[in-house]
Amino acid sequence: MIGEGIQSTNQRKHSYVQDRVEVGFFTDPSVCIGCKACEVACKEWNQVPDDGFTWSGNSYDNTGHLGASTWRHVMFLEQDRQKGNQVTGPMGLPNPQSDLFAAGSAEAEDPFRWVFLSDVCKHCEEAGCLEACPTGSIVRTEVGSVLVQNDVCNGCGYCVVSCPFGVIDRRPEPLHDAGGAFKCTFCYDRQKSGLVPACAKVCPTESIVFGRLDDLRARGAERVQQLQQSGYSDAQLYNPTETSVGGIHAFFLILGEPEAYGLPPKPQIPTIYLKSAWTSAFATAIASIIATLVAFAFFS
Amino acid sequence: MTNEPQSEKRLEELREQAWKDGVVPGKGVDVAGGPIPRKPGYYGQAVVKPPVWTWQVPLYFFMGGIAGMSAVLASGAVLFHQVDLARAAMWVAVIAGAILSPILLIMDLGRPRLFLNMLRVFKHRSAMSMGAWILSLFGACVVPGLIALELHAQHIFGGTFDQLLRVAAGIFIFGSAIFGTLLATYTGVLLGATAIPAWFLHRTLLPIHFGTAGLGSAAALLELLGHRIPALNFLGFYAAGVESALLIWLSVDKHNAADRAIHEHGSGWLIRIGEVLSGPLAFVLRLFGLIPFAAISFLIGSLVSRFGWIVVGKVSGSDPEAVFASQQR
């Protein structure tokens, strides 16, 4: 057994910050019911301002995307695919002609599935925003999460274009505390007091699980296996460990391809581009000096 | 009662079918967003976040380029004893690099009064941090450099102190030239080392473009200020030649959907107009001896293309297909 086992630690007091244990989120859409309690809990606890009420027309998702004032975002995917062994009739409605309860029946006339996934800051192993921050406002905490220190951030906006997942953003006027960059804090304030992050605490189905990273990895792997055995052939973990991001601390189980969730298939930390860009910059600098010397030496 | 019997008839049919079969197996009209979304990614939403930067940033790129490369020209002029040109170039470097550039950069911050936090840390892996330090050190060289040069040129003091001023002016001017070349080129690294596909795919081209545009703009501005000398004309040819080559490079080095913001939309036109004005057009005008027109063409071109690259970032960052295409498995 690793750590505390693979049971949920969502409702327990803990001392991860004091013990410097790496923690994370495992988010599992196969049990998400799309209630958005995580979004509400996040906004209430962190006092995140409302950023407008608009109808998106995209299923039941009127939140839109993660941003400066949205740190949890429940996605609503409507796909023309089967969800496990679920059989649907025309337009995704129950099919009166087929036996709904015959598991494995492939008579679905109009395969349809509705998938909910609560998106959040990934708290990357190699974090683009943290590397890019010129003020040292963005730091790594004792539990391995990535934290923006709001009072230090001067709103330069470089983290915004350095996040490979499009999570962090600068809060526009006239919202409260505008001008700074904001994202999920992993409820660092709560964790310091031994409390579980607000979103995981309220999740009624434990679709969001908070806990030790090693426990969650084991739990995730087990859940994928379980789902695949019960007919969810396209269940997989989304945790890009092979790219320069080096894995994420808030990882996901997804059904189907990451692109459908707006997740980059091969995210890279932008610092890998530094070497070639600086080489080019230095070459240009030297070429400009030589050109200037040539100009003054031979054309005066 | 109806004006459109055809559509009413269709509704009657549907009602009849619903009554008889209990279900109507039609799919309806496939509008955007439903019933099954057909847009790329998640409802066509951006995968990475487009830059939040506004007009101050491209204008800063332009000013920083002029300022940094003016300091290089000032060093060349000092080395070859062209004191008037050196003074003009240092004035340009101070006004554009030590006054306008910091103002523009601070204006773009979300919280301008915290701008000094930029100097809390030194992070070589952050191009923004390096840029803040480069700009500060450039300012710290170029201002005393200009003061020493002016005091020396106008012979305010005599004797040993004047000699000391001469040496100090030399050191500060060469120092500002070193930081100046970095000031003009680091902005390319700043854009190149991000998650925006159209930017990072051209991370080698961007510093060459920004640096050379800075050199050409500095020479062009000094020409317009009355320093019509062969050395600056040569640099004008050099910069316009390099920009023409970059125009060809950009049109050859295409990455399909991943960098289409450079070739399509309004952003593509900004890049093309900027490159043509500062590349081939400036070169041809210079060939015909129309130096002021060549200088103006180059300056406008490099200003337009700086704005173009920021707009490209906004378009490319909002395009989910560009991100997916740049990460093809």
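Values in this document were obtained by computation on a predicted structure and should not be read as measured data. (Residues numbered from 1 in each chain as written. Chains lettered and ligands numbered in written order. Predicted model: local features only at pLDDT ≥ 70, side-chain atom pairs only at ≥ 80, totals over all residues.)

A. Main features of the overall build of chain A. A count of helical and extended segments in chain A gives eight helices and ten strands. Taken along its principal axes, the extent of the C-alpha atoms in chain A is 90 × 45 × 45 Å. Considering chain A as a whole, with its 300 residues, one finds that 49% of them fall into the buried category. (Helix = DSSP H or I, 4+ residues; strand = E, 2+ residues; numbered from the N terminus. Buried ≥ 20, exposed ≤ 12 C-beta atoms within 10 Å, placed from the backbone.)

B. The arrangement of the overall build of chain B in detail. Counting secondary structure elements, chain B contains eleven helices and zero strands. Starting at the N terminus, the α and β elements of chain B follow one another as α-α-α-α-α-α-α-α-α-α-α. The C-alpha radius of gyration computed for chain B amounts to 27 Å, which surpasses the reference 20 Å derived for 329 residues by more than 25%, pointing to a less compact arrangement than a globule. If one aligns the C-alpha atoms of chain B with their principal axes, the spans along those axes are about 110 × 50 × 45 Å. By the burial criterion, 55% of the 329 residues in chain B qualify as buried. (Rg over C-alpha atoms; globule rule 2.2 N^0.38 Å.)

C. Region of the structure containing the domain arrangement of chain B. Residue and element names in this part refer to chain B. Under the domain assignment used here, chain B contains domain 1 (53-193) and domain 2 (228-329). Facing six residues of domain 1, the contacting portion of domain 2 comprises seven residues. Tallied by class, residues from the side of domain 1 that touches domain 2 come to six nonpolar, no polar and no charged. (Domains from an automatic or database assignment. Contact = placed C-beta atoms within 7 Å. Nonpolar A, V, L, I, M, F, W, Y, C, P; charged D, E, K, R; others polar.)

D. Representation of unusual backbone geometry. Residue and element names in this part refer to chain A. Here the residue pair Glu173 and Pro174 is connected by a cis peptide bond, since its omega of 0 degrees sits within 30 degrees of zero. Mapped onto the secondary structure, Pro174 falls in the loop between β6 (169-170) and β7 (181-182). Positioned with a positive phi, Cys187 is a non-glycine residue whose angle comes to about 45 degrees. By secondary structure assignment, the location of Cys187 is in the loop between β7 and α5 (188-192).

E. Expanded view of the interface of chain B and chain A. Opposite the 72 residues of chain B that make contact, chain A presents 60 residues. When residues of the side of chain B that touches chain A are traced back to their parent elements, those giving at least two are α2 (56-79), α4 (127-153), α5 (159-192), α7 (205-224), α8 (230-252), α10 (291-317) and α11 (320-326) of chain B. Counting residues per element, the side of chain B that touches chain A draws most heavily on α5 of chain B, at seven residues. Considered class by class, the residues forming the side of chain B that touches chain A number 44 nonpolar, 20 polar and eight charged.

F. View of helix α8 (residues 274-298) of chain A. Between the first and last C-alpha of α8 of chain A there are 36 Å, a value that for 25 residues agrees with the 36 Å anticipated at 1.5 Å per step. Looking at α8 of chain A, one finds that the buried residues are Leu274, Ala277, Trp278, Ser280, Ala281, Thr284, Ala285, Ser288, Ala291, Thr292, Ala295 and Phe296 of chain A. (Expected span 1.5 Å × (residues − 1).)

G. Structural context of the packing of α7 of chain B against α10 of chain B. Residues and elements named next belong to chain B. The N-to-C vectors of α7 and α10 enclose an angle of 140 degrees; their axes lie 9 Å apart at closest approach. The orientation of α7 relative to α10 falls into the category oblique. Seen from above, α7 lies across α10 with left-handed handedness. Judged by residue contacts, Ala213, Gly216, Ser217, Ala220, Leu221, Glu223 and Leu224 of α7 engage Ile291, Pro292, Ala295, Phe298, Leu299, Ser302 and Ser305 from α10. Within the contact of α7 with α10, the residues separate by chemical class into nine nonpolar, four polar and one charged. (Axes fitted to C-alpha atoms, helices over the stretch in contact; angles between N-to-C directions. Parallel < 35°, antiparallel > 145°, perpendicular 65-115°, else oblique. Left-handed = near helix turned anticlockwise from the far one by under 90°.)

H. Inspection of the confidence of the model for chain B at higher detail. Residues and elements named next belong to chain B. Here chain B averages 92 in pLDDT, while 95% of its residues score no lower than 70. Across chain B, the element-wise mean pLDDT spans from 86 in helix α1 (residues 5-21) up to 97 in α7. Both confidence scores are given for the complex: pTM 0.88, ipTM 0.89. (pLDDT = per-residue confidence, 0-100.)

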